[in-house]
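Inside the fold
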Amino acid sequence: MLSLVVGLFSCNSGSQQEERRVIDSLNVLAFTYRYQSLDSTSCYVSKVYDHPFSSRYSDGLNLARINDGFVQTKHLRLDSAQSCYSLVLSSSNNDLICGIADVGMMNVCNLTAQSKEFYDYRNDALSRLRNIEDESYLMNEEQKRLYFSLLADFHTASINYFINMRQNDNVRAEYEWFENNIQALSADTIQFLNYLKLSSMLSVSDGYTDSSADAQRRTLVRMLQIASRSGMRVYAADAMQRLSKSIMRKGSMKPSQLVYLQELLSLRVDSAIEKTLVEKAL
């Protein structure tokens, strides 16, 4: 079994402990800003790379590479993203960190239509998750946060792949994890927004009926509300674009929803709300 806890935020005395604390803090900031500002995430990653102690703190350096891989994936620089995750997998023996890198590679494979490789990394991630579960009682709070994020991201990556492959039964099976962990998701803004995004997608998976479109819009309005108030601009823009698409596919919104959007986003309510939402998203 590969090690989960060795090296990750471990306690050392004196200056080494302080240097690790600085790098850990930079990585937490890089993660926090992922859905607010990719430039800020890149800035914190660069600070870890440039930190003189990072070469002696492999877990801290690898977490920075994971955050870097996330940024590269969002910019669709997929070769660079793959390089970041590959460096992690080749240099770390930490199941938690390697599991996060596996999921990053799952996302890259999904974007590049590499089905065999997707399943290879998915199987590796599943194996690591089993190892981590066995040692989860040893985790500190930061490790628990990373573990929960890993679980949510694993099921999200699987859902996205199965949607692309039109494997609806597998989509529903993966989505059950989110339904079974609503309380924990509610305590994590990023993962709760991700859950709302997935819910909006699945609410119309069988087609745009009046009821399914209305359910989707309610979910997207809630997603937009939380994202706007928490500064998660990526999710806010995504919610606006999905609302616009829903309106174009299934008619106008309810007057009460239009008034709420007007107040939330300082929009003018008119007949071209779908266009206004896209412009606001941009």
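Residues numbered from 1 in each chain as written. Predicted model: local features only at pLDDT ≥ 70, side-chain atom pairs only at ≥ 80, totals over all residues. Heavy atoms only, no water.

**Concerning the overall build of the protein**
What counts is decided by this rule: The way it works is that DSSP assigns letters per residue, a run of H or I at least four long becomes a helix, a run of E at least two long becomes a strand, and they are numbered from the N terminus. We take the radius of gyration over the C-alpha atoms and set the globule estimate at 2.2 Å times the residue count to the 0.38 power. Only protein chains enter the accessibility calculation, which uses a 1.4 Å probe; a residue whose area is less than 20% of its type maximum is buried, one above 50% is exposed, and one in between is partly exposed. Contact definition: two residues touch when any of their heavy atoms are within 4.5 Å. Each accessible area is a Shrake-Rupley result for a 1.4 Å probe, and residues are judged covered by the shown protein chains and nothing else. Note on charges: Lys and Arg go in the positive column, Asp and Glu in the negative column, and His and the chain ends are not counted at all. Charge coordinates come from a single atom per side chain, which is NZ of Lys, CZ of Arg, CG of Asp or CD of Glu.
The secondary structure content of the protein amounts to 14 helices and zero strands. Listed by position from the N terminus, the elements making up the protein come as α-α-α-α-α-α-α-α-α-α-α-α-α-α. The C-alpha radius of gyration of the protein comes to 20 Å, within 12% of the 19 Å expected for a compact globule of 282 residues. With the C-alpha coordinates of the protein rotated into their principal frame, the extents come out at 65 × 40 × 35 Å. Here the protein holds 282 residues, and the buried ones make up 49% of them. Here the contacts in the protein between residues at least 6 apart in sequence split such that 62% fall between residues at least 24 apart. For the protein, the accessible area works out to roughly 13900 Å², and carbon and sulfur atoms hold 48% of it. With 30 positive and 32 negative side-chain charges, the protein shows a spacing of 6 Å between the two charge centroids.

**Here's the deal with the packing of aromatic side chains**
Selection criterion: The pairing test for Phe, Tyr and Trp rings, Trp by its six-membered ring, is centres within 6.5 Å, and the orientation test on the planes gives stacked under 30 degrees, edge-to-face over 60, and tilted for anything in between. Placement of a positive charge over a ring is assigned whenever Lys NZ or Arg CZ falls within 6 Å of the ring centre and within 35 degrees of the normal to the ring plane.
Inspection of the entire model under this criterion finds twelve aromatic pairs. With a centroid separation of 5.4 Å and an interplanar angle of 75°, the aromatic rings of Y35 and F70 are classed as edge-to-face. With Y35 in the loop between α1 (14–32) and α2 (38–50) and F70 in helix α3 (residues 58–74), this pair connects stretches of sequence that are 35 residues apart. Here F70 falls in the buried class, since its relative accessible area comes to 10%. Here the aromatic rings of W177 and F178 are separated by 5.0 Å at their centres, their planes lie at 90°, and the arrangement is edge-to-face. Its relative accessible area of 0% is what places F178 among the buried residues. Three or more aromatic residues joined by ring pairs form one cluster here, namely F148, Y175, W177, F178, F192 and Y195. Across the ring face of F70, the terminal group of R34 is positioned such that the distance to the ring centre comes to 4.2 Å. Directly above the aromatic system of F31 lies the positively charged group of R145, at a separation of 4.5 Å from the ring centroid.

**Considering the nonpolar core**
Note the following rule: To qualify as a nonpolar core, a set must consist of buried Ala, Val, Leu, Ile, Met, Phe, Trp, Tyr and Cys residues joined through side-chain atoms within 4.5 Å.
Judged by nonpolar contacts, the single largest core of 70 residues is most densely connected at Y85, M106, F178, L224, Y235, L243 and L277. Of the residues forming this core, the biggest block, eleven residues, is contributed by helix α7 (residues 141–164). If sequence neighbours within four positions are ignored, L224 has contacts with A236, A239, M240, L243, L261, L264 and L265. Membership of the second largest hydrophobic core comes to nine residues, among which are Y44, V45, V48 and Y57.

**Observations concerning unusual backbone geometry**
Phi angles above zero are rare outside glycine, and L76 is one such case at about 60°. Mapped onto the fold, L76 is located in the loop between α3 and α4 (78–91). A residue is classified by how much of its surface remains accessible, and L76, at 58% relative accessible area, is exposed. The phi dihedral of R166 is positive, around 60°, even though this residue is not glycine. Counting through the fold element by element, R166 comes out in the loop between α7 and α8 (168–179). For R166, a relative accessible area of 73% puts it in the exposed group.

**Considering the environment of S37**
Just so we agree on the cut-off: Pairs of N or O atoms within 3.5 Å make up the polar contacts considered here, provided that, within protein, one atom can donate a hydrogen while the other can accept it, and that residues adjacent in sequence are counted only when both atoms are side-chain atoms.
Among the structural elements, S37 can be located in the loop between α1 and α2. The exposure class of S37 is buried, given its relative accessible area of 16%. Distance in space between the C-alpha atoms of S37 and G231 is 9.6 Å, their sequence separation being 194 residues. Polar side-chain contacts of S37 include one of 3.1 Å to the side chain of S40.

**A few points about helix α5 (residues 95–111)**
Since there are 3.6 residues in each turn of an α-helix, residues three or four apart along the chain are aligned in direction. To keep things clear, this is the line we draw: For a helix, the expected span equals 1.5 Å multiplied by the number of residues minus one.
For α5, spanning 17 residues, the distance from its first C-alpha to its last is 24 Å, which sits close to the expected 24 Å at 1.5 Å a residue. Of all 17 residues in α5, 15 are buried; the element is thus mostly enclosed.

**Focus: α3**
With 17 residues, α3 should cover 24 Å at 1.5 Å per step; its first-to-last C-alpha distance of 24 Å lies within 8% of that length. α3 sits mainly inside the fold: 15 of its 17 residues count as buried. Positive backbone phi, approximately 60°, marks L76, located one or two places after α3.

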